[in-house]
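Listed below are the residues making up each chain.
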Amino acid sequence: LGKVDDSKIDLSLLPLFAMFGKLFLWVGGTAAILHIYGMDLSGILVSAGIVTLGITLGAQSVLSQFFSGIALLLTRPFSAGDYIEINGETHIVKKVGLMYTEFMGDERDRIITMPNNVAASLTSVNMSKYDKAYRLYIFFQIPYDVEVKKAEEVMLQFAEESKYVVHDYTKYKKPIVKLIEFQDAGVLLRLDVTIADYAKKPTIQSEMKKELYVKLAESGIEAPYNRLEVKILDNEPETTA
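This is a predicted model, so every value here is computed, not measured.

**Things to note about the overall build of the protein**
Helix and strand counts for the protein come out as six helices and eight strands. From first element to last, N terminus to C terminus, the protein shows the α and β order α-α-α-β-β-β-β-α-β-β-α-β-β-α. The long-range share in the protein, meaning contacts at least 24 apart out of those at least 6 apart in sequence, stands at 62%. For the protein, the accessible surface area stands at approximately 16,700 Å², while carbon and sulfur atoms represent 58% of it.

**Focus: the sheet that holds strand E8 (residues 187-195)**
The three strands lie next to each other as E6-E8-E7, forming an open sheet whose pairing is antiparallel. Strand pairing shows two members of the sheet lacking a second neighbour, strand E6 (134-142) and strand E7 (176-182), which therefore form its edges. Going across the sheet, the axis of each strand differs from the next one's by a mean of 25°, ignoring polarity. Across six bridges, the pairing between E7 and E8 is antiparallel.

**Comments concerning helix H5 (residues 148-161)**
For H5, built from 14 residues, the straight-helix expectation of 20 Å at 1.5 Å per residue is met to within 8% by its first-to-last C-alpha distance of 20 Å. Inspection of H5 places Ala151, Val154, Met155, Phe158 and Ala159 among the buried residues, and these make up the whole buried set. Axial view of H5: buried residues confined to an arc of 135°, hence all on one face. In H5, the exposed positions angled more than 90 degrees off the buried face are occupied by Lys149 and Glu161. Its buried side turned inward, H5 meets E6, E7, E8 and helix H6 (201-218).

**Observations regarding the packing of aromatic side chains**
Taken as a whole and judged by the stated rule, the model has three aromatic pairs. Ring geometry for Tyr134 versus Tyr198: centroids 4.6 Å apart, planes at 75°, classification edge-to-face. Taken together, the residues span a long stretch of sequence, with Tyr134 in strand E6 and Tyr198 in the loop between E8 and H6 at a distance of 64 residues. Using a relative accessible area of 17% as the deciding quantity, one classes Tyr134 as buried. Taken together, the aromatic side chains of Tyr83, Tyr134 and Tyr198 make up a single cluster linked through ring pairs. The ring of Tyr137 has Arg190 lying over it, and the distance from NZ or CZ to the ring centre is 4.0 Å.

**Overview of the confidence of the model for the protein**
Confidence along the protein averages 80 in pLDDT terms, with 77% of residues attaining 70 or more. For residues 1-7, every residue scores under 50 in pLDDT, and the model assigns this stretch seven contacts once sequence neighbours within four places are set aside.

**Section: the environment of Tyr144**
Assignment of secondary structure puts Tyr144 in the loop between E6 and H5. Once the C-alpha coordinates of Tyr144 and Val187 are considered, the two residues, 43 residues apart in sequence, prove to be 6.4 Å apart. Of note is the side chain of Tyr144, whose polar atom sits 2.4 Å from the backbone oxygen of Gln183.

**Quick notes on the sheet that holds strand E4 (residues 111-115)**
In spatial order, the strands read E4-E3-E2-E1-E5; together these five strands make up an open sheet with antiparallel pairing. The open sheet has two free edges, formed respectively by E4 and strand E5 (124-126), since each of these has just one partner strand. Strand after strand, the sheet turns through a mean of 40° between neighbouring axes, direction not considered.

Analysis parameters
Residues numbered from 1 in each chain as written. Predicted model: local features only at pLDDT ≥ 70, side-chain atom pairs only at ≥ 80, totals over all residues. Heavy atoms only, no water. Helix = DSSP H or I, 4+ residues; strand = E, 2+ residues; numbered from the N terminus. Contact = heavy atoms within 4.5 Å. Areas by Shrake-Rupley, 256 points an atom, 1.4 Å probe, with all protein chains shown as cover. Pairing = 2+ DSSP bridges. Axes fitted to C-alpha atoms, helices over the stretch in contact; angles between N-to-C directions. Expected span 1.5 Å × (residues − 1). Buried < 20%, exposed > 50% of the residue type's maximum accessible area, 1.4 Å probe, protein only. Arc of directions from axis to C-beta. Phe/Tyr/Trp six-rings, centres within 6.5 Å; stacked < 30°, edge-to-face > 60°. Lys NZ or Arg CZ within 6 Å of the ring centre and 35° of its normal. pLDDT = per-residue confidence, 0-100. Polar contact = N/O pair within 3.5 Å; in protein donor to acceptor, adjacent residues only side chain to side chain.

Take a look at the structure:
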């Protein structure tokens, strides 16, 4: 396994497999020799079973973490460097060990250590395992007095000219504008585009929002905001002649 370049088994497990192999050979060999010389092993096996049961009950959490770590390293749902989404939050896999998995925040500003029995039981979405491309959503609100068709044309033109958008439409979906919701101040639209690398999502999303805001403003479309109209009434009493 150590000579295989693209093995699905993490090489960090090789020492563990070697240890189990040596232990099995020593125990099996010793038991076979004792059996040949006519020694009764039933008492030893019963005692060993009782001791093993006690250890198992007392270390359930540790054993759960250990075997979950082996399962993660064998099945490889994620590996170091992958971007995964757990409970709506994005994490970067830093290291998968036998007992714990280390994640970094998407801003690389913190380290999150998670027991492997927890990491193995969570539903995670791997955003970069097979393809780093990502479908990015950009929301923008337009006033009610602006035609949706006009805003849609401007947003699609912006997507076609953007250097951040992947334009290979044989492999990825074309940019599209969807009407999401009618809100108090205006209509909420969403521009769907494909970017090349999920790892650059925060930067690209910020830059595209800025550029889209300028592009729409140049076309006479500005983001609406709530307005408060105040009327001052004349409460002076009427004078009689």
